Amino acid sequence: MRNVLVSIGVGLAAGALSWASAGLLTERFEPFDTELGFYSGQAVLSICAACIGYWGGVRSVLLYLVCAYLGMNIYAFVAGGSEHRAWILLGMITTLTLLVYPLALGIGGRIVRIVV
């Protein structure tokens with residue numbers, strides 16, 4: 001039960017923070033618009049995914065990624081302007097691509113736990 005709550009809470013927070021990091025570090029709102037915004041968001045998501053994979057397992061990583069996806073899209077909808085709200089469905093599709101590296105590192109974290 002504890003792993004589930006951690007995965008949900010960290011996922012929602014990391015998803016929102018990964019999207020917000022682009023705006024905090026650059027003048028752009030979306031992480032797709034700059035390399036620094038993209039890689040900072042990926043770092044937030046991937047480090048959390050690796051830790052959750054190491055301590056919680058693959059199911060916890062998958063739950064984390066679903067919640068991170070929700071966190072990213074909720075943040076974009078709430079903090080974005082009217083243009084972001086109008087394009088939210090397209091945004092929900094494109095944000096799936098931001099979960100590839102975190103998925104790999106989350107599974108990698110679990111593999112490291114098994115090997116070590």
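Look above for the structure.
Residues numbered from 1 in each chain as written. Predicted model: local features only at pLDDT ≥ 70, side-chain atom pairs only at ≥ 80, totals over all residues. Heavy atoms only, no water.

(A) A look at the overall build of the protein. If you tally the helices and strands in the protein, you get 6 helices and 0 strands. Relative to its length of 116 residues, the protein is compact, with a C-alpha radius of gyration of 14 Å against a globular reference of 13 Å. Taken over the C-alpha atoms alone, the protein extends approximately 45 × 30 × 20 Å along its principal axes. For the protein, with 116 residues in total, the buried portion stands at 36%. Relative to all contacts within the protein whose residues are 6 or more apart in sequence, the contacts with residues 24 or more apart total 67%. Charge centroids of the protein, computed over 6 positive and 5 negative side chains, lie 25 Å from each other. (Helix = DSSP H or I, 4+ residues; strand = E, 2+ residues; numbered from the N terminus. Rg over C-alpha atoms; globule rule 2.2 N^0.38 Å. Buried < 20%, exposed > 50% of the residue type's maximum accessible area, 1.4 Å probe, protein only. Contact = heavy atoms within 4.5 Å. Lys, Arg positive; Asp, Glu negative; His and termini not counted. Charge placed at Lys NZ, Arg CZ, Asp CG, Glu CD.)

(B) Spotlight on the nonpolar core. Trp19, Leu45, Tyr64, Leu65, Met72, Leu98 and Leu99 are the most contacted members of the largest nonpolar core, which has 15 residues in total. At 7 residues, helix α3 (residues 58-79) tops the list of elements feeding residues into this core. Residues within four places of Leu98 in sequence aside, it is in contact with Trp19, Pro31, Phe32, Phe38, Gln42, Leu45 and Met72. (Core = buried A, V, L, I, M, F, W, Y, C linked by side-chain atoms within 4.5 Å.)

(C) Fine view of the packing of helix α1 (residues 2-25) against helix α2 (residues 35-56). Running from amino to carboxyl end, α1 crosses α2 at an angle of 165°, the nearest separation of the two axes being 7 Å. In this view, α1 runs roughly antiparallel relative to α2, as classed from their interaxial angle. For the crossing formed where α1 meets α2, the hand is right-handed. Facing α1, whose interface residues are Asn3, Ser7, Val10, Ala14, Gly15, Leu17, Ser18, Ser21, Ala22 and Leu25, α2 presents Leu36, Gly37, Ser40, Gly41, Val44, Leu45, Cys48, Ile52, Trp55 and Gly56. In terms of residue class, the contact of α1 with α2 is built from 11 nonpolar, 9 polar and no charged. (Axes fitted to C-alpha atoms, helices over the stretch in contact; angles between N-to-C directions. Parallel < 35°, antiparallel > 145°, perpendicular 65-115°, else oblique. Left-handed = near helix turned anticlockwise from the far one by under 90°. Nonpolar A, V, L, I, M, F, W, Y, C, P; charged D, E, K, R; others polar.)

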